[in-house]
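# Structural overview for review
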Amino acid sequence: MRAETVVGPTGPTSMPAGSRPLRVRVWPGLSERAALLGPGLPWPAPPAPGPDLEVPDPERLDPERLDLEALAELAEAAELRGRGGAGFPFAVKLRAVAEQAGRTGLAPVVVLNGEEGEPASAKDRVLMTLNPGLALEGLRLVAAALGAETSYAYVSDPAARERIAAAGAVWPGPGALRVVAAPSGYVSGEETAVVRWLDGGPAKPTHKPPRPYESGVAGRPTLVGNVETFAQLARLVRRRTEGDGLTVLLTVGTDRGEHVVVEVPDDRTLGDVLAWLRVDADEVLLGGFFGRFVSTGTRGRPLRELASRAHPDVLGCGIVLALHDTCPVSAVAQVLRYLDRENAEQCGPCFKGIPAMAGVADALAAGTAGAEDVQRLAGWGTSLRGRGDCGTLDAACGVVTSLLEQRADVVARHLEAPCGWCADHPERPEATAFAVPWPAEIKEER
Ligand code: SF4
C-alpha cells in the first residue's frame, strides 16, 4: 500500500490582506458525534466500529470484510445523494460501477472529487481542511467495497490538498492513494473532466456516453464522488445512531460579502437556516450559478427534500446566495457572463448560446430589451437544455428560465425601464463578487 502526492499547479496559500475570516457554524444541538464538521473520526479508523459506536449491522459493515450491497443499502436507506451538484443517488452509482467491473473483469477506480468549481461554494474545502480523515474514510470504504486497486484524491486548492495528503500519508489501503493537483475551474470538477485529467488530458468534459462508471480512468469503471458525499457515507457507517439523519453542508453568502459554511440536520427547512443566520433578504438564489430563485413555498421545505430533487428548487452543491441589494435581472446577467468566460469552448450550443443569452440579459438590465428579446431568451432557455457535454449550458438555461418564470414581474418592469439598482450599476459587477474569498482563515463558531 502506498500514498503519493503528485505535485502540480500551486496557488496562493496565504490570506489576502484585509480578508475576513470564513465563519463555520454547526446547527445548535447537532451532536459533535454526528457532525461532519465536528472533531471527526480517528484516522485511520479502527478495523471495526468501536464499542461506543452503534451501527445497524456491525458485522456486515466491518470495513475489512465490507459487503458492497450492505453499503449500497445503507446509502439507499439514508437517501444519500451526490453533494457536488448533480444529486444522483449514491447507491445507484455504487452498484453501477460494481456491475460494470463484474462484466469487464477490470478493477474499478475511485476518485474523491475535491474540485469545488462553483465560486460561491466553500463547504468542500472547509470539510477537507477541518476533517480530511472523514472524507478519506468514505473513499476507503468505497474502494474496499468495490475492490479498487487505485484511489485518487483530486483537489485544486493547495491548502486543502495539503491536508488531504497529510492524512492520506497513512492510507491503510486497499491499493494506492494518489493525491493529485487538479486545475481550478468551473468545469474541471465535472466527472468526465476529472477522468480526462487523470488520464493525462485537459480537464474538460467529454461527450457522454460513455460515463465514467462504464469507462473511466484508464478505461476502468470509475466512481467519481464529491468530498461531502464520501464523508456522509463514512459517518453513516461509523457513527450512525438511532434517530440521526443525514446533515447538509451549505455555503450561505450574501451580495454584501458575508459568507458562512454551516452544517444543518436535513430535516430543517431553508427558512430555519435563514432565520438562524439572521439573513432576511427577499431574494435567494439556491444552488449557486447552477441555481434557481426560490419560490415562496421553498423556504418551508426540508433540506432533505430540496437535496433529493423532489422539489423544483434544488440545493445542488448547497449554495444559498441571498441578494439583499442586487436586482435578479442583473444577477442573471452577471452569472451568464461568468459562465460564458468559463465554458470549455467545445460545444457550439454552449459557446454560442450563452453569450447570446447574456446579451439579452444585459439589455434587459439596461432597460433596452423588448418583448421579442425576452421571447427569444425563453426559447433558448428551453431549447438549448441538454445540448452541451456538461452541465454548464444547463446551468445557464436554468437561471434564465428561473428568472423568466419565477420573477416574471421583475422582468416585465425592466421592459419599461431599468430598476434603480440596474440604473445605478450600468457597469455590472462581476459574478465573482458573489464568490467566497479564498484562501481564508477558518473561524469555527460553536
Ligand atoms: S457544455 Fe459548454 S462548458 Fe460544457 S463541455 Fe460543452 S462547451 Fe464546455
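One can find the structure itself at the top, above this paragraph.
One numbering rule holds for all chains: residues counted from 1, following each sequence as written. The predicted origin of the model limits local features to residues at a pLDDT of at least 70 and limits the giving and counting of side-chain atom pairs to 80 or more, whereas totals for whole chains, interfaces and linings rest on all residues. With hydrogens and water stripped out, all remaining heavy atoms of the structure feed into the side-chain values.

### Points about the overall build of the protein chain
This is how it is decided: Runs of H or I in DSSP of at least four residues are treated as helices and runs of E of at least two as strands, each being numbered from the N terminus. Relative accessibility decides the category of a residue: with a 1.4 Å probe and only protein chains considered, values under 20% of the type maximum give buried, values over 50% give exposed, and everything between is partly exposed. Residue burial considers only the protein chains on display, and all accessible areas are found by Shrake-Rupley using a 1.4 Å probe.
Within the protein chain one finds 15 helices and twelve strands. Counting all 446 residues of the protein chain, 57% fall into the buried class. When the accessible surface of the protein chain is split by element, carbon and sulfur atoms take 50% of a total near 17500 Å².

### Things to note about the site of the ligand
Which entries qualify depends on this criterion: Residues are labelled near a given molecule or strand when at least one of their non-hydrogen atoms is within 4 Å of it. A 1.4 Å probe that fits but cannot get out identifies a cavity on a 1 Å grid over protein atoms alone, an open set with protein on both sides within 12 Å along at least five of seven lines counts as a pocket, and a residue lines either if it has an atom within 4 Å of a point. The rule for placing a molecule in a cavity or pocket is simple: more than half of its atoms must lie within 2 Å of the grid points. Only Asp, Glu, Lys and Arg are considered charged, only Ala, Val, Leu, Ile, Met, Phe, Trp, Tyr, Cys and Pro nonpolar, and every remaining residue, Gly among them, polar.
Close to the ligand lie Val187, Pro205, Asn343, Ala344, Glu345, Gln346, Cys347, Cys350, Gly388, Asp389, Cys390 and Thr392. Using a 2 Å cut-off from the grid points, one finds that the ligand occupies the second largest cavity. Considering only residue class, the shell around the ligand consists of six nonpolar, four polar and two charged.

### A word on the environment of Pro212
For clarity, the threshold we go by: Note on contacts: a residue pair qualifies if any of its non-hydrogen atoms lie within 4.5 Å across the two residues.
The residue Pro212 is located in the loop between helix H6 (191–198) and strand S6 (222–226) in this model. Along the sequence, Pro212 and Leu223 sit eleven residues apart, while their C-alpha atoms lie 6.7 Å from each other. For Pro212, the residues in contact, after removing those within four places along its chain, are Glu191, Thr192, Val195, Arg220, Pro221, Thr222 and Val224.

### Examining the environment of Asp394
Counting through the fold element by element, Asp394 comes out in helix H13 (residues 392–406). Under the relative-accessibility criterion, Asp394 is labelled partly exposed at 23%. Linking Asp394 and Gly381, residues 13 residues apart in sequence, is a C-alpha distance of 8.3 Å.

### Some points on the pattern of salt bridges
In plain terms, the rule: We count a salt bridge whenever a side-chain nitrogen from Lys or Arg sits within 4 Å of a carboxyl oxygen from Asp or Glu.
According to the stated counting rule, one finds 22 salt bridges in the structure shown. Residue Glu445 is joined to Arg23 by a salt bridge in which the shortest nitrogen-to-oxygen separation is 3.1 Å. Separated by 422 residues along the polypeptide, Glu445 in strand S12 (residues 442–445) and Arg23 in strand S2 (residues 22–26) bring together distant segments of the chain. Owing to a relative accessible area of 23%, Glu445 belongs among the partly exposed residues under this scheme. In this structure Arg23 comes out as partly exposed when scored by relative accessible area, which is 29%. We note a salt bridge from Arg83 to Glu228, for which the minimum N-O separation is 2.5 Å. Of this pair, Arg83 sits in the loop between helix H1 (68–77) and helix H2 (90–104) while Glu228 sits in helix H7 (residues 227–239), and the two are 145 residues apart along the sequence. By the burial criterion, Arg83 is buried, and Glu228 matches it. One connected set of salt bridges, linked through shared partners, spans Arg23, Arg25, Lys443 and Glu445.

### Thoughts on the sheet that holds S2
Which entries qualify depends on this criterion: Whether two strands pair depends on DSSP finding at least two bridges between them. Each axis is a line fitted through C-alpha atoms, taken for helices only over the stretch in contact, and angles between the N-to-C directions span 0 to 180 degrees.
The strand order across the open sheet formed by seven strands is S10-S9-S11-S7-S8-S2-S12, and the pairing between neighbours is mixed. Each edge of the sheet is formed by a strand with only one pairing partner; in this case those strands are strand S10 (292–293) and S12. Alignment of strand S9 (residues 283–286) against S10, held across two bridges, turns out to be antiparallel. Bridging across to S10, Leu286 finds its partner in Arg292. Docked against the sheet, helix H3 (residues 123–130) engages S2, strand S7 (247–254), strand S8 (259–265) and S12, running at close to 80° with respect to S12.

Purely spatial values, then, with no claim about function.
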